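Here are the chains, one letter per residue:
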Amino acid sequence: CIPLGVPVTSKQQVSGHRPVVIYTATSLDGYLAPRDGSVGWLEPFGEGPDLGIDAFLDTVGYLVTGRTTFDQVRSFGVWPYGQRPTAVLTRRAGLVDLPPGVRTDDGTDLPGLISALQEESGAGTTWLLGGGDVHRTFLAERLVDEIWTHVMPLLLGDGIPMFPASYPAATL
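Now for a quick tour of the structure. (Residues numbered from 1 in each chain as written. Predicted model: local features only at pLDDT ≥ 70, side-chain atom pairs only at ≥ 80, totals over all residues. Heavy atoms only, no water.)

1. Quick look at the nonpolar core
- Ranked by size, the top nonpolar core spans 19 residues in total, and within it Val64, Leu89, Leu128, Phe138 and Val144 carry the most contacts.
- At the level of elements, β2 (20-27), β4 (60-66), β5 (86-89), α4 (110-121) and α5 (132-140) are the ones that each hand at least two residues to this core.
- Considering each element in turn, this core owes the most residues, four residues, to α4.
- Discounting chain neighbours no more than four positions away, the residues touching Phe138 are Val20, Val64, Leu89, Leu110, Ile114, Leu128, Leu143 and Val144.
- One finds Phe70, Trp79, Tyr81 and Val102 within the second-largest nonpolar core, a separate group that totals 14 residues. (Core = buried A, V, L, I, M, F, W, Y, C linked by side-chain atoms within 4.5 Å. Buried < 20%, exposed > 50% of the residue type's maximum accessible area, 1.4 Å probe, protein only. Helix = DSSP H or I, 4+ residues; strand = E, 2+ residues; numbered from the N terminus. Contact = heavy atoms within 4.5 Å.)

Written out as structure tokens, the structure reads:
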């Protein structure tokens, strides 16, 4: 795996807000997962190299995720992020039996959401858990401070891109 950390200078860092970070693994050809959203493609790497997820999670005060990624993580069984505050961006109804600390947001005011989440959670990074549409939306609003991706030595050939089309051009 090739860990790539790309800090991006942004208004959030300059004004004293805690960073908003995309932290993920991708295939060599830039996919987060196959089209079905499964994560089995990561299994050949097993415990593999230390990707630093535990150290990263120690810095996280709040998670933001899209509905599809949230549903995928929930399908694995126990919510793996404990009671860590989480906002699920969705306009679809039907989220029931949410884990402690998880709430929904329609995503119409992302700068306001980030400000509110950071005030509520105190210290810590805001982790954009995914997926690609969440990445694109936050990048379009210039709300991403850092991008950390672990490029796995595998080609998926097709799937869910880390950055779906129509994201803004940016020098990182």
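2. Things to note about the packing of aromatic side chains
- In this structure the tally under the stated criterion is six aromatic pairs.
- Each ring, one from Tyr23 and one from Phe56, has its centre 4.2 Å from the other, and the planes form 5°; the classification is stacked. Residue Tyr23 is found in strand β2, and its partner Phe56 is found in helix α2 (residues 53-57); the two are separated by 33 residues along the sequence. With respect to burial, Tyr23 and Phe56 carry one shared label: buried. (Phe/Tyr/Trp six-rings, centres within 6.5 Å; stacked < 30°, edge-to-face > 60°.)

3. Things to note about unusual backbone geometry
- For the peptide bond that leads from Gly130 to Gly131, omega is 5°, which places it in the cis range.
- Counting through the fold element by element, Gly131 comes out in the loop between β7 (125-130) and α5.
- Look at Arg142: it is not a glycine, yet its phi comes out positive at around 55°.
- Relative to the assigned elements, Arg142 resides in the loop between α5 and β8 (146-152).

4. With respect to the environment of Asp158
- Position of Asp158 among the secondary structure elements: in the loop between β8 and β9 (160-161).
- Measuring from C-alpha to C-alpha, the distance between Asp158 and Gly30 comes to 9.1 Å, with 128 residues separating the pair along the chain.
- If we ignore the near neighbours within four places in the chain, the residues touching Asp158 are Asp29, Tyr31, Ala33, Pro34 and Arg35.
- A distance of 3.0 Å separates polar atoms of two side chains, one belonging to Asp158 and the other to Arg35. (Polar contact = N/O pair within 3.5 Å; in protein donor to acceptor, adjacent residues only side chain to side chain.)

5. Structural notes on the pattern of salt bridges
- A full pass over the atoms with the stated rule returns four salt bridges.
- Put simply, Glu120 and Arg103 hold a salt bridge, and the shortest N to O gap is 3.0 Å. Residue Glu120 is located in helix α4, and its partner Arg103 is located in strand β6 (residues 102-105); the two are separated by 17 residues in the primary sequence.
- Arg103 sits in the partly exposed class, given a relative accessible area of 30%.
- The salt bridge partner of Asp133 is Arg136, with a shortest N-O separation of 3.0 Å. Here Asp133 pairs with Arg136, and both are found in helix α5, just three residues apart, close to one helical turn.
- Judged by its relative accessible area of 24%, Arg136 is partly exposed. (Salt bridge = Lys/Arg side-chain N within 4 Å of Asp/Glu carboxyl O.)

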